[in-house]
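As a plain string of letters, each chain reads:
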Amino acid sequence: MSNKVITIERFIIEEERAHPGASGDFSGLLRDLTLAFKIIWREVSKAGLVNILGMAGTENIHGDQVKKLDVFADEKIYQAMDHGGYLCVMASEENEDVLQIPEKYPTGKYVLLYDPLDGSSNIDVNVNIGSIFSIYRRVTPKGQGTLEDCLQPGYKQVGAGYALYGSSTMLVYTTGDGVHGFTFDPSIGEFLLSHENIKMPKRGKIYSVNEGNYRYWFDGVKKYVKYLQEEDEATNRPYSGRYIGSMVADIHRTLMYGGIFMYPGDTKHPNGKLRLMYECNPVSFIIEQASGKASNGEKRILDIKPESLHQRVPIFAGSEEDVTIAEEFVQGKRGLD
Ligand code: AHG
Ligand code: MN
Ligand code: MN
C-alpha cells in the first residue's frame, strides 16, 4: 500500500495535466470551492457551541424554513466563487433568480449551481449534512451568464460533487472520469485522497426512502417497497431500511454500499421533493460515474430537459440492478408474485 499523501489540489492539477489543452480554470474553480467547504465545515462543526442555530425566521422560495446555517453556507459559496474569473453565472437553491458575477470581476466560461446546505432539518440534531455542486460550460458567448446557461440537461455537466460534514468531513467529486473521495484532515486543513475511483456494487441490500409518505405513494412504489421487504435468499431480500433525511448522506451511503435511494413522486407531490438542478443532476452524475444508475422512474435523470431553475423531479438512484427493478415496478411492468 502506498503511503503517499495526495491533497485534493495535487489530484486536481494532475488530473487536468492528463488532459492536454486544459487551461487550469477548472482546477482553480474547484480550489475555490474547496475553500468555501472548509469555511462551512468550520461553522458546522461549532454549530452546537454558538448561537447560530435555530430558524432565521424566514422561508426559502420553496416554502421551507430557512435556518441560519443555510444562509451562511449560501453566502460563503457565492463569496468564494464570485471573483475567480472562472464563472459567468451561478444559481443556488436558496435564491429565486440566477446570481450574477459582480461587475468589478471578470467572467469566465463555467456555470455553477449549488445546494449550499442539504439536510437542513438535521442541523439541530448533529446529523450529517452537506453541500452539493454542479458545473456546466456556458452556452452564451460572453459577458454575464444568463438563465439559459443554467438550464442545461444534466448530461452536459462537466463536474459535480458534494461535501459531507459528518463523523469525518469528505469531498466527493467527478469530472466525468470516475468518482474520487477526499477526507478532510483538520490538523493540516487539507482534503486528502482517501477513496480513489469509487465503484458501487451492481446490486445492494439497503433501501432508503421516507416511508412516512407511504399513504401517498403511487401503486408501483408501494409494490416495489413491499417487494424489497419480502424474503428471498437468492436476491438477498429482505433489504435493510436506512433513511437519514439528508440526501447527500443517504446518497453517500448508497455510493459506498450500493442499494437504492428514492424520493418518488406521490399523490400530494407528483414531482417528489428534490430539485433537479441542485440535487438530482449532480448526484446522478456521480452515481453514474460510479457505475450506478439514476432515473425518475421513466427515464435517465441526466436526460431531462430542465424547464425551470427550481423544478423538482422524482428520483430513484443507486445500484444499477436495483434501479432497473424499481423502474419496472413504477412503470407497472412488474408486480408482486
Ligand atoms: P434541503 O435541506 O436542501 O432543503 O434538502 C432537504 C431534502 C434532502 O436532503 C432530503 O433527502 C429530503 O429533503 C428529506 O425530505 P423528507 O423530510 O420529506 O424525507
Ligand atoms: Mn437539499
Ligand atoms: Mn439546501
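Residues numbered from 1 in each chain as written. Chains lettered and ligands numbered in written order. Predicted model: local features only at pLDDT ≥ 70, side-chain atom pairs only at ≥ 80, totals over all residues. Heavy atoms only, no water.

A.B. asks: Please clarify how the site of ligand 1 should be interpreted in this entry.
C.D. replies: The local shell around ligand 1 holds 17 residues, among which Asp118, Ser120, Asn210, Tyr243 and Tyr263 are the closest. One nitrogen or oxygen atom from the side chain of Tyr263 is found 2.5 Å from an oxygen atom belonging to ligand 1. The contact in question runs from an oxygen atom of ligand 1 to an N or O atom on the side chain of Lys273, over 3.0 Å. Starting from 470 Å² of accessible surface for ligand 1 in isolation, the protein chains cover 86%. Ranked by residue count, the leading element in the shell around ligand 1 is strand β5 (residues 110-118), at three residues. Class assignment of the residues belonging to the shell around ligand 1 gives a composition of five nonpolar, five polar and seven charged. Counting contributing residues per domain, the shell around ligand 1 is built from domain 1 (8-195) and domain 2 (206-330), each supplying no fewer than three. (Near = heavy atom within 4 Å. Polar contact = N/O pair within 3.5 Å; in protein donor to acceptor, adjacent residues only side chain to side chain. Areas by Shrake-Rupley, 256 points an atom, 1.4 Å probe, with all protein chains shown as cover. Helix = DSSP H or I, 4+ residues; strand = E, 2+ residues; numbered from the N terminus. Nonpolar A, V, L, I, M, F, W, Y, C, P; charged D, E, K, R; others polar. Domains from an automatic or database assignment.)

A.B. asks: So what exactly am I meant to see when it comes to the coordination of the manganese ion (ligand 3) here?
C.D. replies: For a metal with four tetrahedral donors the ideal donor-metal-donor angle is 109.5 degrees, while six octahedral donors give ideal angles of 90 or 180 degrees. Taken together, the protein donors to the manganese ion (ligand 3) comprise Glu93 (OE), Asp115 (OD) and Leu117 (O), at separations of 2.2 to 2.6 Å. Within one chain, the residues donating to the manganese ion (ligand 3) are spaced in sequence as E-x21-D-x1-L. Separating the manganese ion (ligand 3) and the manganese ion (ligand 2) is a distance of 3.7 Å, and Asp115 donates to both of them. Residue classification places Asp115 among the buried positions, given a relative accessible area of 0%. (Donors = N, O, S within 2.8 Å, 3.2 Å for Na, K, Ca; no water. Buried < 20%, exposed > 50% of the residue type's maximum accessible area, 1.4 Å probe, protein only.)

A.B. asks: For this particular structure, what's the right way to read the coordination of the manganese ion (ligand 2)?
C.D. replies: Coordination of the manganese ion (ligand 2) by the protein comes from Asp115 (OD), Asp118 (OD) and Glu279 (OE), over a distance range of 1.8 to 2.1 Å. All donors of the manganese ion (ligand 2) belong to a single chain; written as a sequence motif, their spacing is D-x2-D-x160-E. Exposure remark for Asp118: the relative accessible area of 5% places this residue in the buried category.

A.B. asks: Where do I start with the packing of aromatic side chains in this structure?
C.D. replies: What describes a pair of aromatic rings is the distance from one ring centre to the other and the angle between the planes of the rings. Summed over all chains, the structure comprises ten aromatic pairs. Judged by centre distance (4.9 Å) and plane angle (45°), the rings of Phe184 and Phe191 are tilted. The burial state of Phe184 is the same as that of Phe191; both residues are buried. (Phe/Tyr/Trp six-rings, centres within 6.5 Å; stacked < 30°, edge-to-face > 60°.)

A.B. asks: Even after reading the chapter, I still don't get the packing of helix α2 (residues 25-45) against helix α3 (residues 68-81), so can you show me in this structure?
C.D. replies: Packed helix pairs are characterised by how far apart their axes lie and by the angle those axes make with each other. Running from amino to carboxyl end, α2 crosses α3 at an angle of 155°, the nearest separation of the two axes being 9 Å. The orientation of α2 relative to α3 falls into the category roughly antiparallel. Where α2 crosses over α3, the handedness of that crossing is right-handed. Residues Leu29, Asp32, Leu33, Ala36, Phe37, Ile39, Ile40, Glu43 and Val44 of α2 touch α3, and the partners they reach there are Leu69, Phe72, Ala73, Lys76, Ile77, Ala80 and Met81. When grouped by side-chain class, the residues that make up the contact of α2 with α3 number 13 nonpolar, no polar and three charged. (Axes fitted to C-alpha atoms, helices over the stretch in contact; angles between N-to-C directions. Parallel < 35°, antiparallel > 145°, perpendicular 65-115°, else oblique. Left-handed = near helix turned anticlockwise from the far one by under 90°. Contact = heavy atoms within 4.5 Å.)

A.B. asks: Would you take a moment to explain the packing of helix α1 (residues 8-17) against α2 for this structure?
C.D. replies: Look at α1 against α2: their axes get within 9 Å of each other, and the N-to-C directions meet at 165°. Comparing the axis directions of α1 and α2 gives the class roughly antiparallel. Both α1 and α2 take part in a crossing whose hand is right-handed. Counting all contacts with α1, which are made through Ile8, Glu9, Ile12 and Glu16, the residues of α2 involved are Asp25, Phe26, Ser27, Leu30, Arg31 and Thr34.

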